[in-house]
Structures are given as C-alpha cells and as structure tokens.
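Residues per chain, in single letters:
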Amino acid sequence: MLANVYQHFRKDEHPFIDMVTSWFEQVDNQYAPFVTEFLNPREAFILETLIGKTNDIKYSMYGGFENSERKCAIIYPSYYEPKQEDFGITIYEINYPVKFGSLSHGKILGTLMSTGIKREFIGDIITDGTRWQVFIKESVANYITNQIDKIGAFGVRFEQISYTDVISPTDDWIEEELTVSSLRIDNIISSVYNISRQRAKQVVESKRVKVNWVETERVDYVVDYLDIISVRKLGRIQIMEQQGKTKKDKIRLSIRVLRK
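Here is a short report on the structure shown in this document. All of these numbers come straight from a predicted model, not from anything done at the bench. (Residues numbered from 1 in each chain as written. Predicted model: local features only at pLDDT ≥ 70, side-chain atom pairs only at ≥ 80, totals over all residues. Heavy atoms only, no water.)

## Brief notes about the overall build of the chain
Okay, so step 1: Scanning the chain for helices and strands turns up seven helices and 15 strands.
Okay, so step 2: Scaling as 2.2 N^0.38, a compact globule of 260 residues should have a C-alpha radius of gyration of about 18 Å, and the chain matches this with 20 Å.
Okay, so step 3: On the principal axes, the C-alpha backbone points of the chain span a range of 55 × 55 × 30 Å.
Okay, so step 4: A burial count over the chain gives 47% of its 260 residues as buried.
Okay, so step 5: Sequence-distant contacts, at least 24 apart, represent 61% of the contacts inside the chain between residues at least 6 apart.
Okay, so step 6: If the 35 positive side-chain charges of the chain are averaged to one point and the 36 negative ones to another, these points end up 9 Å apart. (Helix = DSSP H or I, 4+ residues; strand = E, 2+ residues; numbered from the N terminus. Rg over C-alpha atoms; globule rule 2.2 N^0.38 Å. Buried < 20%, exposed > 50% of the residue type's maximum accessible area, 1.4 Å probe, protein only. Contact = heavy atoms within 4.5 Å. Lys, Arg positive; Asp, Glu negative; His and termini not counted. Charge placed at Lys NZ, Arg CZ, Asp CG, Glu CD.)

Below, the structure is given as structure tokens:
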C-alpha cells in the first residue's frame, strides 16, 4: 500500500508517512488511542488522507482554540470518545511590561526553541495586538516555561490559563489569487512579493526560507496544498487551492499571504 501512497507525496514527506503508518499500527495492535504532538497543516492533511485508507480507526484534531493552525491529533479505535483534555495541550499567557514595548511572534518562538525542544511541542502563538498566548504540549510545558524569564529585552512570566481565557487572535492573513508558471518555491516567492526571480533565488539560497518550519535552500523545491512558506523579512505564504490552468497553461492558485 505504501508504494501507492508515496507517489502522491514529495520524497521528503515519506518519513512522515512511515511515522503515521506506525501510529495506525500501534492503535490497531494495542486497541488504544495514540496522541500526536502538534502537526502543521500539511502534516494534518497527510494524516487525514492516510486515515481514509484504514478500517475501524478514527481521528480527531484540536489545537487549543477554534481555527488554530497547528493541531494535535488523537488516533483511536471506534469505541473511544476523545475529550479536550486528552490532547495534552497547556495554554500560557506571556506577561511582560506592555507599556515599554511589544513582543513579536518570531522572538517568542525563537526563545522557546532556544530551550532545546523540538518545534512539534509548540502550537500556535497568538496575539490580540497586546496580549500574547502560546500553546505547549503538557509533557514539556514546565520544562520550557521554568527556563525562560526573558524574551528579547523584556522580563517575562508565563501564566497558565484555561481554555475559557483564550483571546480572539488578530488575523492579518490576506486571501489572494495568483497565476504562476510553476509551483517552484522561487517562482511563488517572486510572484507574491513582486521581486525578480533572481532575487527570489538569492533569498532561498541564503537560508531565509522555510517550508512548514523546515529550512530549504532548494530553489527548485515544489510546494503543494497547505504548505506554509516562511520568508524572513518578507512574511508568510500558504498554498490553499489549485484552481485549474489558464489558456496559456499557467496555474491558478488561491493563497493566503502575511506581509511584513
């Protein structure tokens, strides 16, 4: 079966497919639920695609609030009924001296990652313009928050909160339509940010680009459905939908863009 599945995904995604398959086998053999760490949208899509090929195994996803970008999944046998607390997500508000300045998503994530934990243990980092909250896997939450007392120039304190205290995050994503000659990453960046193809190649080769939070230097990297492209100093792009081709054989895309 895997050989047939592999052909629908990029080669760099095959290890994740193997991992998902092992999760299914564990649930099937032990007849008990399995809880994942945080999945990015592309990983969640792959899991959903693969689980459609299994029998008697179900799944639920949750990231701590409605419309979260990163989600944990519970894969479970048909008898099981997952609850919110089963996802193992802890929510923290970051208290900092608001009157002296502001935090940023990048600085918060960078500080969290500096503790040595992997990206999949951290969910969304959200703000309403002033307050900041972060979603962390319960298994590492104390370890992370006890190590951090400063983000950038600000002294900070992490306060654990309940789901009822989650803020309504501001959403600066803009939905756009795009026509491109190919789904190469340099082509997408060039078209979205209105820079030359050569400049886009330089941006990729200078290690300023990540796809689903993994750095890539390949200018010929081909993006796909729900991929999130992060471009340092420019913003983020998410591939939402291919809408067919033009008469000149160009690809019509629906995307979301976050510009800095």
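## Points about the packing of aromatic side chains
Okay, so step 1: Taken as a whole and judged by the stated rule, the model has 11 aromatic pairs.
Okay, so step 2: Pairing tyrosine 76 with tyrosine 80 gives two aromatic rings, centres 5.7 Å apart and planes at 55°, and the pair type is tilted.
Okay, so step 3: A residue is classified by how much of its surface remains accessible, and tyrosine 76, at 9% relative accessible area, is buried.
Okay, so step 4: One aromatic cluster in this structure is built from Tyr31, Tyr76, Tyr79 and Tyr80. (Phe/Tyr/Trp six-rings, centres within 6.5 Å; stacked < 30°, edge-to-face > 60°.)

## Observations regarding the layout of surface pockets
Okay, so step 1: Roughly 1600 Å³ of volume is contained in the largest pocket.
Okay, so step 2: Breaking the lining of the largest pocket down by element, the ones donating at least two residues are α3 (41-51), α4 (105-113), β5 (122-127), β11 (209-211), β13 (228-231), β14 (235-245) and β15 (251-259).
Okay, so step 3: Among the residues forming the lining of the largest pocket, the class breakdown is 19 nonpolar, 12 polar and 18 charged.
Okay, so step 4: Of the pockets and cavities examined, the second largest pocket occupies roughly 630 Å³.
Okay, so step 5: What lines the second largest pocket is a set of 26 residues, and nearest its centre among them are Phe16, Asn40, Glu43, Asn212 and Val214.
Okay, so step 6: Of all the elements in the fold, those that place two or more residues in the lining of the second largest pocket are α2 (14-30), β1 (34-39), α3 and β12 (214-215).
Okay, so step 7: For the lining of the second largest pocket, the element with the highest residue contribution is β1, accounting for six residues.
Okay, so step 8: Among the residues forming the lining of the second largest pocket, the class breakdown is 12 nonpolar, four polar and 10 charged. (1 Å grid on protein atoms, 1.4 Å probe; cavity = no way out; pocket = protein on both sides within 12 Å on 5 of 7 lines; lining within 4 Å. Points joined across faces, edges and corners; volume = space filled by probe spheres on them. Nonpolar A, V, L, I, M, F, W, Y, C, P; charged D, E, K, R; others polar.)

## A look at the sheet that holds strand β3 (residues 71-77)
Okay, so step 1: The strand order across the open sheet formed by three strands is β1-β3-β2, and the pairing between neighbours is antiparallel. Looking at the sheet topology across the chains shown, the edges are occupied by β1 and β2 (57-62). Taking each pair of neighbouring strands and ignoring which way they run, the sheet shows an average axis angle of 20°.
Okay, so step 2: Pairing geometry for β1 and β3, over four bridges, is antiparallel. (Pairing = 2+ DSSP bridges. Axes fitted to C-alpha atoms, helices over the stretch in contact; angles between N-to-C directions.)

## Looking at a negative patch on the surface
Okay, so step 1: Side chains of Asp171, Asp172, Glu175, Glu177 and Glu241 sit close together on the surface and give a patch of like negative charge.
Okay, so step 2: Along the chain, the position of glutamate 175 falls in strand β10 (residues 174-180).
Okay, so step 3: On the accessibility criterion, glutamate 175 (68% relative accessible area) is exposed. (Patch = residues over 30% accessible without salt bridge, like charges linked within 9 Å, V, L, I, M, F, W, Y side chains within 5 Å. Areas by Shrake-Rupley, 256 points an atom, 1.4 Å probe, with all protein chains shown as cover. Salt bridge = Lys/Arg side-chain N within 4 Å of Asp/Glu carboxyl O.)

Interpretation in functional terms is not warranted from these geometric data alone.
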